[in-house]
Structures are given as structure tokens and as C-alpha cells.
Amino acid sequence: MKIANEFNLTPKTIAKDFLSGIIVFLVALPLCMGIAIASDAEPIAGLISGIVGGIVVGLVSGSHTSVSGPAAGLTAIVAAQIANLQTYETFLLALVLGGAVQICFGLLRAGALSAFFPSSVIKGLLAAIGVILIFKQLPLLLGYSKDMELAFGRTDSMNDMEKHPTGHADHSHEVGDILFSFIRDMREIVSFEGGLHWGAISIGVFSLALLYVWDHIPALKKSLIPAPLVIVILGALLCQILSPLGGDWLITPKQLVDVPSSGSIGELASLIRTPDFTQILSLSVYTGAITIAVVASLETLLNLDAVDKLDRQQRVSPPNRELLAQGIGNMAAGMIGGIPVTSVVIRSSVNVNSGAETKLAAIFHGLLMLACLVLIPHALRMIPLSCLAAILLMTGYKLASPKLFSQMANEGPYQFLPFIFTLVAIVLTDLLVGICFGMVISLLFILNSNLRRPVRKIHEKHVDGDLLHIELADQVSFLNKAVLESALREAPRGSQLLLDARRTDYIDPDVLSLIREFKEKTAPAFGITIQLVGFRQIYKLSNKEDSIDFSLLEAREKLTPDQVLEILKTGNKRFIEGHPLDRTLLKSSVVDKRQSAAIAAIVSGIDSYTPVEMIFDLGMGDAYVVRTPGVVIGPETIGGVEYAVSVGGAKVVVVLGHSDSSLLSLTIQNMSSAENKALLADCESLKDVLEQIALSIDVNGARSFSSLPEREQLDYLEQVARRHVARMAQQLIDRSPALRSRIDTGEIRVVIAMFSTSNGSVEFLMDSKS
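K.L.:
Even after reading the chapter, I still don't get the overall build of the protein chain, so can you show me in this structure?
P.N.:
If you tally the helices and strands in the protein chain, you get 34 helices and 15 strands. When each of the 770 residues of the protein chain is scored for burial, the buried share is 52%. Contacts in the protein chain between residues at least 24 apart in sequence constitute 78% of all its contacts with a sequence separation of at least 6.

K.L.:
Looking at this structure, I do not really get the pattern of salt bridges. What am I missing?
P.N.:
Close approach of charged atoms lets side chains of opposite charge pair. Within this structure, the stated rule accounts for 13 salt bridges. With a closest N to O distance of 2.1 Å, Arg749 and Asp562 form a salt bridge. Of the two residues, Arg749 is situated in strand S14 (residues 749-755) and Asp562 in helix H25 (residues 561-577); the sequence distance between them amounts to 187 residues. Under the relative-accessibility criterion, Asp562 is labelled partly exposed at 38%. Taking the shortest distance from any N to any O, the salt bridge between Glu747 and Arg742 comes out at 3.9 Å.

K.L.:
Looking at this model, I keep getting lost on helix H5 (residues 119-141). Mind explaining?
P.N.:
Note: α-helices contain 3.6 residues per turn, so residues at a spacing of three or four share the same orientation. A rise of 1.5 Å per residue sets the reference length of H5, with its 23 residues, at 33 Å; its end C-alpha atoms lie 32 Å apart and thus fit the reference within 8%. Buried residues dominate H5, accounting for 18 of its 23 residues. One or two steps after H5, the chain reaches Gly143, where phi turns positive at roughly 95°.

K.L.:
It is not clear to me how empty space enclosed by the protein should be interpreted in this structure. Could you clarify?
P.N.:
Take a probe with the size of a water molecule and roll it over the atoms, and the empty space left behind shows itself. Inspection of every chain in the model, using the stated rule, returns 5 cavities of 30 Å³ or more. Put simply, the largest cavity is a space of about 60 Å³. What lines the largest cavity is Glu42, Ile44, Ala45, Ile48, Tyr88, Leu271, Ile272, Arg273 and Gly337. It is helix H2 (residues 43-60) that provides the largest number of residues to the lining of the largest cavity, a total of 3 residues. Here the residues of the lining of the largest cavity are counted per class, giving 6 nonpolar, 1 polar and 2 charged.

K.L.:
For this particular structure, what's the right way to read the pairing of S14?
P.N.:
Consecutive side chains of a regular strand alternate in pointing toward one face of the sheet and then the other. With 7 of 7 residues buried, S14 lies mostly within the body of the structure. Residues Arg749, Val751, Ala753 and Phe755 point to one face of S14 and Val750, Ile752 and Met754 to the other, with burial holding for every one of them. In this structure, strand S13 (residues 652-657) lies alongside S14, joined through 6 bridges in parallel fashion. Bridge pairing links Val654 to Val751 in S14.

K.L.:
Even after reading the chapter, I still don't get the confidence of the model for the protein chain, so can you show me in this structure?
P.N.:
Caution applies to low-pLDDT regions: their predicted coordinates should not be interpreted in detail. Mean pLDDT over the protein chain works out to 81, with 84% of the residues at or above the 70 mark. By mean pLDDT, helix H7 (residues 155-160) is the weakest element of the protein chain at 41, and helix H4 (residues 88-107) is the strongest at 96. Ignoring residues within four places in sequence, the model shows residues 545-553, a span with pLDDT below 50, making 36 contacts including any to other chains. Contacts from residues 585-595, a stretch scored under 50 in pLDDT, to residues over four places away or in other chains number 18 contacts.

K.L.:
Would you take a moment to explain the packing of aromatic side chains for this structure?
P.N.:
Within a pair of aromatic rings, the relevant descriptors are the distance that separates the centres and the angle that separates the planes. Evaluated as defined, the whole model comprises 9 aromatic pairs. Note on Tyr414 and Phe445: the rings are 4.8 Å apart at their centroids and 45° apart in plane angle, and the pair reads as tilted. Here Tyr414, found in helix H20 (residues 413-428), pairs with Phe445, found in helix H21 (residues 431-452); they are 31 residues apart in sequence, far enough to count as distant. When its relative accessible area of 18% is taken as the criterion, Phe445 is described as buried. Among the aromatic residues, those joined into a cluster by ring pairs are Phe405, Phe416 and Phe419.

K.L.:
I tried to follow the environment of Phe364 on my own but got confused; where do I start?
P.N.:
Position of Phe364 among the secondary structure elements: in helix H16 (residues 360-375). Owing to a relative accessible area of 18%, Phe364 belongs among the buried residues under this scheme. For the pair Phe364 and Gly58, spaced 306 residues apart in sequence, the C-alpha separation works out to 9.3 Å. The contacts of Phe364, once residues within four sequence positions are left out, are Ile14, Asp17, Phe18 and Gly21.

K.L.:
Is there a simple way to explain unusual backbone geometry in this structure?
P.N.:
If a residue is not glycine, its phi is most likely negative; likewise, a peptide bond is most likely trans. You will see that Asp40, though not glycine, has its phi angle at about 65°, which is positive. Its place among the elements puts Asp40 in the loop between helix H1 (11-38) and H2. Phi at Val631 is positive, roughly 55°, even though this residue is not glycine. Accessibility expressed as a relative area gives 6% for Val631, which makes it buried.

K.L.:
How should H20 be read in this particular structure?
P.N.:
The end-to-end C-alpha distance of H20, which contains 16 residues, comes to 21 Å, matching closely the 22 Å that a straight helix rising 1.5 Å per residue would cover. Within the span of H20, buried status applies to Pro418, Phe419, Thr422, Leu423, Ala425, Ile426 and Val427.

Rules of the game
Residues numbered from 1 in each chain as written. Predicted model: local features only at pLDDT ≥ 70, side-chain atom pairs only at ≥ 80, totals over all residues. Heavy atoms only, no water. Helix = DSSP H or I, 4+ residues; strand = E, 2+ residues; numbered from the N terminus. Buried < 20%, exposed > 50% of the residue type's maximum accessible area, 1.4 Å probe, protein only. Contact = heavy atoms within 4.5 Å. Salt bridge = Lys/Arg side-chain N within 4 Å of Asp/Glu carboxyl O. Expected span 1.5 Å × (residues − 1). 1 Å grid on protein atoms, 1.4 Å probe; cavity = no way out; pocket = protein on both sides within 12 Å on 5 of 7 lines; lining within 4 Å. Points joined across faces, edges and corners; volume = space filled by probe spheres on them. Nonpolar A, V, L, I, M, F, W, Y, C, P; charged D, E, K, R; others polar. Pairing = 2+ DSSP bridges. pLDDT = per-residue confidence, 0-100. Phe/Tyr/Trp six-rings, centres within 6.5 Å; stacked < 30°, edge-to-face > 60°.

Structure below.
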């Protein structure tokens, strides 16, 4: 990986960056104004932030591809803070302080901040912003304007006119009022005595439809011409076409973008609004600053990661430096009347796709925006608000799309509930409260998960009593005390209990006291034999160093064949479920004991994907395993089994086969193909094995095997495998008087079993007892 570094300019990269800068400028221009309006700020504030994001942040940032500017994700925060802080100048002070906080984040190397927020909460945040954008922009798309506020005689609106930076009353003194403001605005649009503004509605609906079509035609979607630019140009042309019609088709000045005229940099400077430093001691200013800093930093880090993945050169942008750059940018934007800036994924992705090589492209886009604001402000005042509303409405729909809700629902309640609670809380209260609420819900789910799974319980039955094996989790805190106590109480009277802490990193002192009290008082009172394993010396609890299944060491000789068979079945169940016993490596002295106390002998093939000890979840010394090609029974195999039974003490002999045997398939091919026989001409010993397997296969079936459909071939192999294993088991019994005599006395059982390589299960077919 290459870390993004400073400019690496050549004539070729400069040309590419300039072209990319032009394209990004054309995309960013309408978005900057639209986002400012959606934030209840003046359009010029969005343009100022676009300029700052391009030039100031571009110069300081370490990213070659990221483009910064006002972001739709912060509209809710900006609108809420402007309302809460009463004046725009006080909001600018909060923005300056928020930028300072971001600089501190960068200096403190807090670039990993985004990792501490659950993805469900982040998605809920973005979806809530999408919903808020839809609620705020739909009235504007339908022609809502200040004229309607005055017509309905809202005293609150008229009182707020002087305070609000856009000259419109603030409809959402709290972000949570957005739903009620939306309903009120829609009602006023319908009941306005002047009738519906069909001109604004036509432009808005046309713009929305064009955006939808543009996004669904691959050629247009991939073109270098940005859809927002086309919307703005066509919207301005439609405005000129419809206005001469008069009446409801006229687009009033209040339904157009309001950008002040500035013929020079000096005139532009006179329009700049500055922070009100007299409010420096206000607590609400610092609350707003922290809110802006945290959410802007979070959005920047998430977008930065997404943009790095789009970079064709796969350069990695330094996140801590990016926080520093964003902080400087926000301080600059606050000082000259802008709104918050962040890294913006839409503009950044356009930058990458346009062929940008260095961060010079972002700086070019900022310079072009500055030139536009100084040289052609009259052109910006020709843009209808309804077409900007359409752009932001589509942005809101993408942030809160039905596909996102479906995806979160499919991920289960642990993801969906924090997501939906975050969304609803933000819409009904405010953004910071909503995020905190979502974090609390996620934390509750995490605690619930830990409380429900602090231990893993394994119930084992043995001849000398039941064994309850309890495995502790990695971290066992005081929150897990009640669940662990309940698990300990499940041990029946007179049973054996094993408490396993070998995978545990930390045990709370309260939990240790519980274990100590249970071991010293409760267990003796109930006749429970308790063993501890894996506890550190500092816990001052005695450990048992033997294997987990210690009761087998003491009771193997007492086991009956039926009990051994049950142990094998239970072990296979654990294997299928993926919960095998966690055994320690045994000392040599323990291994010596087990060598004379194996519980079973298992005859299987030589295939590498039939590990017998794993299939039955057996430990060292639990079973004698006799592997023979094709499970063919010969003198050596019989001798091995006789040793396991007569000397080793095995109570059950399992003859294990499976239908996926490669030797079985080879035998069928050998029986039906002369060419295959020729290939094995010099494999004399292998031919002997195949001849033994062939005795279990009918010749006609082998010859027609290749012509069968695949499903019928699998069924045929299964039938042949079962027939062959049954024949081999019978040979084992018939050719060994030692085994026959022990079967007759009930001392042992010979069992036929089939292993499924597809799901890991073992099917026990029949045995000598039946």
C-alpha cells in the first residue's frame, strides 16, 4: 500500500486534474446551494463552504482523491443549531469551535473514531438525514415560499424573519419538529388562496423524473456530464419559458435562488458574515460545537475510507491528517460565514471517475467556484429552488431507500432495531439525542448477548454419573454472575461438574467468590464432585490438569457396549454441531493409562476426509483405529481388531464406510472399462483390493453405471457402499472366533455405520446384537 503524499505534478497530471476539477465543480455547484438551503442557511453560505472545502482543505489534506464541501449528512445538524443558537452569527462561532475540536481530534490521533460507532447506528443516522431531507425539500419542490407564510399570518414566522439567514422563518426550531412542519407546509400549499404554483411544481416534478431516468440509464449514469448540472440548466430554461404565461405558472423571486451580487472580491468580502464572539461563554455554543465536530469527523472518516477504495492506485489517505484538515477548513468556513464541510463521497467519486491524479483537482474545483460566485452571480439567481429541491429529494431517497430498510431487516433484530430506533429518535428529537439513543440500544443488545452467553454448557452422561461441563467465556464480568450461578445450580445431586476457564482472559472478583463458595460449600452439600481447569494461579483456585472428559479415565472398565455406542453417537452430534470437547494434551503417564482402556475399535478406509477421532469427537487413547483400503478385511485387519478387543479392552467394533469412496468408484470403472484395467496392470496389490470390493458389486450394474443420470449414480454408489460394509463386517465376525465368542457373551458389539461427507453425520445401520 502507498500512503498518500504531497503533489507529484507533471503536465499530464495537471491536465487531468484540471479537467476533473471542472467536472467536480459542475456537480458541486448546485449541491452546495441546495444543501445550504436545506440547512436553513443562505445559498452563498454553501458556496463559501464549497470554496473553503476545495482550496483550504485541499491544500492541507493528505488525500489525493477526496473532495470536501457542504454535505447533505449535516443538513439536520446545521438547521437545528441555527435554530437553537438563535442567530446565524452565533452558529458561526459554534462552527469555529467545532473546527478547533476537530484539530484536537487530529492531534490526538483519533482517526479510528468511526470504528467505535456500530454500523447499524451510522446507517440509521444517514437514513434519518434522508428522511429529513425528503420532509424539508418536498414542500420546496411543490412551490412552497415565504409568500405562503405571510399569507397565513404566522406571527412566529414574521418574528423570525429578521433572525433567520435565509429571510424565511425557521420551520423547525428543533429537528424533531420537522415532521409537524412538513405536515403544516403541505397543508398550506394545498389551501393557499393563490392556488398551486404549477410552474414550480412542473419544474420540480420534471427535475425529479429526469434524475430518476438518468440514474437508470447506464450510458447517462456513466457519462462525464453530471445530472445535477443538467437539472439546473434545464430548470433555469423552463423558468424562462413558463414565467411569461403568468398566473400560477409564474416563478416568483421567492422561488429562485437568492445570491447577492458581488462584482469583485472586495464586494464579496463585504457580504461575509462573521462569528459573534460575545457568545463565547454560552454553554449551548459548546454543545453545538461538539455535535458538529463529532458528526462531521465521523462522516469524513467514513467517506474517506469509501473513496480510498475507489482510488485506482489504492493510495491510503492518513485519517488523522484529514481530521486536522477538516478542522482547519471548518474554522475558516466559520470565520467567513460558511456552513460545515466534510469529505463528500459523491463529489469524491466523481473526482476519481473523472481521472483525477492528485489533490490539485479539488483545489481547481474550489477556485472555479470562487470565480463563479464573483463573476456570474446573476446566473445563479436564475435557478429555481424546486429543481435544487429535486436534487436533494433524490439524495434523501438514496440515503433512506427501501432497499436499505430491507437489508437491515434481513440482518436480524440486533442490526435492525438499533437502526430503526436511531432513525426515529433523530426525526422526532434531534440528531445528537438520536445517535446517543441508538448507541444505548446497541449497547443493550451487546450486554444482552454477553449475559445470555457467558458460559457454554455441555451435558455428558457416564456410567458413574452425569457430567456437566461448563466453559467460561473470554470475559466474565459481574454482569455474568447470575447466569453462571444458575448454570452451576443445574448440576444434579451426586453428579460431576467440570468448570473450564482455559479460554478465559478475565474473571471478575465477584465471580471468583461465587465459584469459590460453590466449590467449598454448595458442591459438598449436594454431593457434587467439582473439578476446575484453566484457572490462573493468581485466582488461588486449585486446577485439574487432566482431560476434560475425566470421568472416562475412572470408569472405562465399567462401560457397557450400549454406553460406548451412546458415547460415539453423542460425539458425532457434537462434531456435526461444531462444538467438540476442548481437550488438553495429556501427560505421558495419563496416556499410558489410556492405552489399556480404549472404549472402541473402528475399522475405516484410508480416505483423508474421514478422520475418525474428529467424526466421533474422541480424545487420545479413546479408540483403536484400523485403516484399510476400501475397508477390505484381511488377516492384518482382523489381528488389529482382536488386539483392540482382547488386550485393549474395546467394547464396540465399528465398521465404517461411506459412499464417496474413491476406491469404490475406481472398482466400478475397472469392472466396466478394459482401458482402465490396462492402467492398473502393474499395481498387483491394488488389484487384489479392487477384486475384494468387486465381490460386493453386480457386474451388470457396474457396466451400466456410466449411462445413469447423476442422481441415480449417487444412489447406486450408496447402495453398493452399504452392501460392501455389511459384507466386510460379516467377514470380520466369521473369520475371528475371538470376536464371535465375545459377541455371544455380550462382551462386545460389532456395528455397521455409514459416514456422510456432505453433513458429517454417522448413520448406525445394524450390529451383531440385532
